[in-house]
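Single-letter residue listing:
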Amino acid sequence: MELNTELLTTPPLDAATVVMLRDGPGGLQVLLMRRHQASNVLGGVYVFPGGKLDPEDQQPVWQQRLSQDSATLHQRLNEPELAKERAAGLFVAAMREAYEECRVLLGCDPHQTAATGQVLQALRHGQNWHQAFQSHDLRLLTEPLVPWCRWITPRQASVTNKRFDTRFFVTQVPNDQLAEHDNHEATEALWIQPRHALQRYWDREIELAPPQIMSLVHLSRHPHAHSVIAEAQNRCPPVIEPEPFDQDGIRTICYPGDPRHSVKQAAFPGPSRLMFKNKRFEPESGLAALLD
């Protein structure tokens, strides 16, 4: 991973990311996708499925197709300054990206199996996600998508040349859904325990960006998917604005709760800062800080 030293002046793009959860033999597992090596954003890095908000995600037609109205979805995100239609669009974007990046169909009513089958057939015959849903009478359930946190890329971005305002959602993947990579944006779909992912990162078997590192540290404290969902349902999603600085020639990113950060209350467990050493981001006290 190369350090980005460019100062970004553009405003952050709205985006949605889905942290997909399931329970495996050893406990909680999460889905990571390996971005294509040729990607201009985090090429080769393992990330949660997601992407930027598209204009189509905010079309008024979705207001009648979602199980919750825009006012409710706006309240769930807990962003008073955000337009209600944009809030609803972020839920739509999360479900769309889940299918486009890893072929997981979220939000389908289990009682509408015939309509779900028709949508899947339309998708497999080349219709895009919006076309497939709008041409079939299928309501999308937004309740299973639970807001988890919000990451806003700083102007000194460190690992990308773009800024994003990303809403992270958590959801338990239905048992009948199998994730697969598309060989275009992603080249591998990996179900893995959070602690195992952090260990593999430390052993240089996979690459992770700071938001994924800190999210996996947080998720590793949970024994199963229900525990993650319960935490998300019982708190407001924290806003995480990393604050980078250079110290002794080393780029350091600090997070809420760190002595150098402007927000004194921690947003998640684990280390409060990562340092760019050995061409990757590491906590000051090494692997133990990620796993303890």
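Structure: see above.
The structure reproduced in this document is the subject of the present report. None of the values given here were measured: they were computed from a predicted structure.

### Some remarks on the sheet that holds strand 14 (residues 280–282)
Here is step 1 of the chain: Within the open sheet, the four strands sit side by side as 11-12-13-14. Their pairing is antiparallel. Each edge of the sheet is formed by a strand with only one pairing partner; in this case those strands are strand 11 (243–247) and strand 14. For this sheet, the mean angle separating the axes of adjacent strands, direction not counted, is 30°.
Here is step 2 of the chain: Where strand 13 (residues 273–277) and strand 14 come together, three bridges link them in antiparallel fashion. Within strand 14, the residue paired with Lys-277 across the bridge is Arg-280.
Here is step 3 of the chain: Sitting on the sheet, helix 6 (residues 210–219) touches strand 12 (250–254), strand 13 and strand 14, and the angle it makes with strand 13 is about 135°.

### Regarding the nonpolar core
Here is step 1 of the chain: Membership of the largest hydrophobic core comes to 41 residues, with the highest contact counts inside it found for Leu-21, Val-170, Ile-213 and Leu-219.
Here is step 2 of the chain: A total of five residues in this core trace back to one element, the largest contributor, which is helix 6.
Here is step 3 of the chain: Excluding residues that lie within four positions of it along the chain, Ile-213 makes contacts with Leu-198, Tyr-201, Leu-208, Leu-274, Phe-281 and Leu-290.
Here is step 4 of the chain: Among the nonpolar cores identified, the runner-up in size contains 40 residues, and Ala-98, Trp-129, Leu-145 and Phe-169 belong to it.

### Brief notes about the pairing of strand 12
Here is step 1 of the chain: Along strand 12, four of the five residues are buried, which leaves the element largely enclosed by surrounding structure.
Here is step 2 of the chain: As paired strands, strand 11 and strand 12 are joined by five bridges and run antiparallel to one another. When the bridges of strand 12 are listed, Pro-244 appears paired with Ile-253.
Here is step 3 of the chain: The antiparallel pairing of strand 11 with strand 12 creates a hairpin that spans two residues between the two strands, and Asp-248 there sits at a positive phi of about 55°.
Here is step 4 of the chain: Across three bridges, strand 12 lies against strand 13 in antiparallel orientation. Directly across from Thr-252, in strand 13, lies its bridge partner Met-275.

### Focus: the packing of helix 5 (residues 194–202) against helix 6
Here is step 1 of the chain: With their axes 8 Å apart at the nearest point, helix 5 and helix 6 run at an angle of 140° to one another. Taken as axis vectors, helix 5 and helix 6 run oblique relative to one another. Crossing hand, helix 5 versus helix 6: left-handed. Residue-level inspection shows Pro-194, Ala-197, Leu-198 and Tyr-201 of helix 5 in contact with helix 6, the latter providing Ile-213, Leu-216, Val-217 and Leu-219.
Here is step 2 of the chain: A per-class count over the contact of helix 5 with helix 6 returns eight nonpolar, no polar and no charged.

### Here we look at helix 3 (residues 113–124)
Here is step 1 of the chain: Taking 1.5 Å per residue as the helical rise, helix 3 with its 12 residues ought to reach 16 Å, and the 16 Å between its terminal C-alpha atoms agrees with that figure.
Here is step 2 of the chain: Every buried residue of helix 3 is listed here: Ala-115, Thr-116, Val-119, Leu-120, Ala-122 and Leu-123. All buried residues of helix 3 fall inside an arc of 160° around its axis, so they share one side. Turned more than 90 degrees away from the buried face of helix 3, the exposed residues are Thr-113, Ala-114 and Arg-124.
Here is step 3 of the chain: Its buried side turned inward, helix 3 meets helix 2 (84–102) and helix 4 (129–134).
Here is step 4 of the chain: Gly-126 sits one or two positions beyond helix 3 and adopts a positive phi of about 105°.

### Considerations on the side chain of Ser-215
Here is step 1 of the chain: Along the chain, Ser-215 turns up in helix 6.
Here is step 2 of the chain: Residue class for Ser-215 comes out buried when judged on its relative accessible area of 4%.
Here is step 3 of the chain: Dropping the residues within four chain positions of it, Ser-215 is found in contact with Phe-48, Trp-151 and Phe-168.

### What to know about the packing of aromatic side chains
Here is step 1 of the chain: Counting across every chain of the model gives 10 aromatic pairs.
Here is step 2 of the chain: Summarising the aromatic geometry, the rings of Trp-129 and Phe-133 are spaced 4.6 Å apart at their centres and angled 45° between planes, so their arrangement reads as tilted. Of this pair, Trp-129 and Phe-133 both sit in helix 4, four residues apart, which is roughly one turn of that helix. The burial state of Trp-129 is the same as that of Phe-133; both residues are buried.
Here is step 3 of the chain: Between Trp-151 and Tyr-255 the ring centres are 5.7 Å apart and the planes differ by 70°, which places this aromatic pair in the edge-to-face class. With Trp-151 in strand 6 (residues 146–152) and Tyr-255 in the loop between strand 12 and strand 13, the pair connects residues that are 104 residues apart, well separated along the chain. In this structure, Trp-151 and Tyr-255 share a single accessibility class: buried.
Here is step 4 of the chain: These aromatic residues form a ring-pair network of at least three members: Phe-48, Trp-151, Phe-168, Tyr-255 and Phe-268.

So, how was this worked out
Residues numbered from 1 in each chain as written. Predicted model: local features only at pLDDT ≥ 70, side-chain atom pairs only at ≥ 80, totals over all residues. Heavy atoms only, no water. Pairing = 2+ DSSP bridges. Helix = DSSP H or I, 4+ residues; strand = E, 2+ residues; numbered from the N terminus. Axes fitted to C-alpha atoms, helices over the stretch in contact; angles between N-to-C directions. Contact = heavy atoms within 4.5 Å. Core = buried A, V, L, I, M, F, W, Y, C linked by side-chain atoms within 4.5 Å. Buried < 20%, exposed > 50% of the residue type's maximum accessible area, 1.4 Å probe, protein only. Parallel < 35°, antiparallel > 145°, perpendicular 65-115°, else oblique. Left-handed = near helix turned anticlockwise from the far one by under 90°. Nonpolar A, V, L, I, M, F, W, Y, C, P; charged D, E, K, R; others polar. Expected span 1.5 Å × (residues − 1). Arc of directions from axis to C-beta. Phe/Tyr/Trp six-rings, centres within 6.5 Å; stacked < 30°, edge-to-face > 60°.

In short, shape yes, function no, at least from these values alone.
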